[in-house]
Amino acid sequence: MAQLTDIETWVFDLDNTLYPPSMALFPQVNAKMTDYVMQTLRVSRAEADHLRHSYYTEHGTTLAGLMQNHDIDPEPYLVAVHDIDFSVLSPDPALAAAIAALPGRKIIYTNGTAPYAREVTRARGLSDLFDAIYGVEHAGYHPKPSAPAFETIFTADGLTPTRAAMFEDEARNLAVPHAMGLTTIHVAPTTAPDDHIHHHTDDLARFLSALV
């Protein structure tokens with residue numbers, strides 16, 4: 001684990017990391033996912049909701065389960081589930097200032113898409129702070145937490161794992177980065193008791209401000 005003062009590349013997850021869960025953006029995505037599963041597989045809402053959750057648990061994302069089990073085309077799905085109301089997000093000047101002050105490169109890596117991430121950062125007042133934004137499309141639709149997803153993105157970016165840190169709300173998504181040598185920070189109300197988590201915070205802006 002590198003000291004946080006030695007980090008060259010800062011990797012940020014998007015959903016429930018660059019905005020708090022209380023802003024309730026992702027519940028809209030979940031509802032859209034359930035709707036898409038209902039319409040595409042012609043199942044009841046209860047069955048669609050069950051599949052949405054079980055595929056997420058088993059495959060990393062609902063999309064990965066749908067692709068593997070039903071051979072769906074990912075692009076129409078991703079457009080549909082990200083057609084949501086971003087006005088529930090509000091700008092965060094403190095977070096923007098803290099990210100801007102970080103030395104080195106800043107990137108986003110999300111299981112959503114890059115266009116979706118740009119909408120989120122715009123609504124949060126974080127546009128133009130990141131050197132690159134990577135979505136699931138850049139990983140060949142392999143999702144976090146799978147090792148091939150991280151290897152694809154980190155290789156494409158050219159980052160040095162032992163000089164990089166990753167912020168993520170899903171504890172399971174930090175296991176592979178930890179194994180690759182990244183410093184891992186769990187962003188969540190409570191931390192998970194996992195050996196692959198180096199740091200925890202329930203306030204990303206405050207944590208980053210303390211670094212700089």
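Structural data are supplied above this passage.
Since the model is a prediction, treat every value here as computed from it, not as a measurement.

Undergrad: Account for the overall build of the chain, with residues named and values stated.
TA: Looking only at helices and strands, one finds 9 helices and 6 strands in the chain. With the C-alpha coordinates of the chain rotated into their principal frame, the extents come out at 50 × 35 × 30 Å. In the chain, which comprises 212 residues, the share counted as buried stands at 50%. Put simply, of all contacts in the chain between residues at least 6 apart along the chain, 62% involve residues at least 24 apart. As displayed, the chain offers around 9,600 Å² of accessible surface, 52% of which is attributable to carbon and sulfur atoms. Each charge sign in the chain was given a centre, from 13 positive and 27 negative side chains, and these centres are 4 Å apart.

Undergrad: Tell me about unusual backbone geometry, and please be specific about residues and values.
TA: Here the amide bond leading from Lys-144 into Pro-145 is cis, since omega sits at 15°, within 30 degrees of zero. With respect to the helices and strands, Pro-145 occurs in the loop between β3 (132–134) and α7 (147–157). In this structure, Asn-16 is a non-glycine residue whose phi angle is positive, near 60°. Structurally, Asn-16 can be placed in the loop between β1 (9–12) and α1 (26–41). Within the chain, Arg-42 stands out as a residue other than glycine whose phi angle is a positive 55°. Tracing the backbone through its elements, the reader meets Arg-42 in the loop between α1 and α2 (45–59). Under the relative-accessibility criterion, Arg-42 is labelled exposed at 78%.

Undergrad: How would you explain the sheet that holds β3 if you had to name every residue and give the values?
TA: For sheets, the rule is that strands pair by backbone hydrogen bonds, running either parallel or antiparallel. The 6 strands lie next to each other as β3-β2-β1-β4-β5-β6, forming an open sheet whose pairing is parallel. The strands lining the two open edges of the sheet, one partner per strand, are β3 and β6 (199–201). Within this sheet the neighbouring strands show an average axis-to-axis angle of 20°, counted without direction. By the bridge criterion, 4 bridges tie β1 to strand β2 (residues 105–109) in an arrangement that is parallel. The residue of β2 that forms the bridge with Thr-9 is Arg-105.

Undergrad: Can you tell me about the layout of surface pockets, naming the residues and giving the values?
TA: Considering only enclosed or pocket space, the largest pocket measures out at about 500 Å³ in volume. Phe-26, Met-33, Tyr-56, Thr-61 and Asn-111 are, among the 28 residues lining the largest pocket, the residues nearest its centre. Elements that contribute at least two residues to the lining of the largest pocket include exactly α1, α2, α3 (62–70) and α4 (74–81). Among the residues forming the lining of the largest pocket, the class breakdown is 9 nonpolar, 11 polar and 8 charged. Space inside the second largest pocket adds up to approximately 240 Å³. In terms of lining, the second largest pocket is formed by 18 residues, of which the most central are Thr-17, Pro-20, Val-187, Asp-202 and Leu-204. Residue classes in the lining of the second largest pocket are distributed as 10 nonpolar, 3 polar and 5 charged.

Undergrad: Describe in detail the pattern of salt bridges, supporting the description with residues and values.
TA: One pass over the structure, following the stated rule, counts 9 salt bridges. Ionic pairing is found between Arg-122 and Glu-119, a salt bridge with its closest N-O pair at 3.0 Å. Remark: Glu-119 and Arg-122 occur in helix α6 (residues 114–123); sequence separation between them is 3 residues, near one turn of the helix. The partly exposed category is assigned to Arg-122, whose relative accessible area is 48%.

Each value, and the rule that gives it
- Residues numbered from 1 in each chain as written.
- Predicted model: local features only at pLDDT ≥ 70, side-chain atom pairs only at ≥ 80, totals over all residues.
- Heavy atoms only, no water.
- Helix = DSSP H or I, 4+ residues; strand = E, 2+ residues; numbered from the N terminus.
- Buried < 20%, exposed > 50% of the residue type's maximum accessible area, 1.4 Å probe, protein only.
- Contact = heavy atoms within 4.5 Å.
- Areas by Shrake-Rupley, 256 points an atom, 1.4 Å probe, with all protein chains shown as cover.
- Lys, Arg positive; Asp, Glu negative; His and termini not counted.
- Charge placed at Lys NZ, Arg CZ, Asp CG, Glu CD.
- Pairing = 2+ DSSP bridges.
- Axes fitted to C-alpha atoms, helices over the stretch in contact; angles between N-to-C directions.
- 1 Å grid on protein atoms, 1.4 Å probe; cavity = no way out; pocket = protein on both sides within 12 Å on 5 of 7 lines; lining within 4 Å.
- Points joined across faces, edges and corners; volume = space filled by probe spheres on them.
- Nonpolar A, V, L, I, M, F, W, Y, C, P; charged D, E, K, R; others polar.
- Salt bridge = Lys/Arg side-chain N within 4 Å of Asp/Glu carboxyl O.

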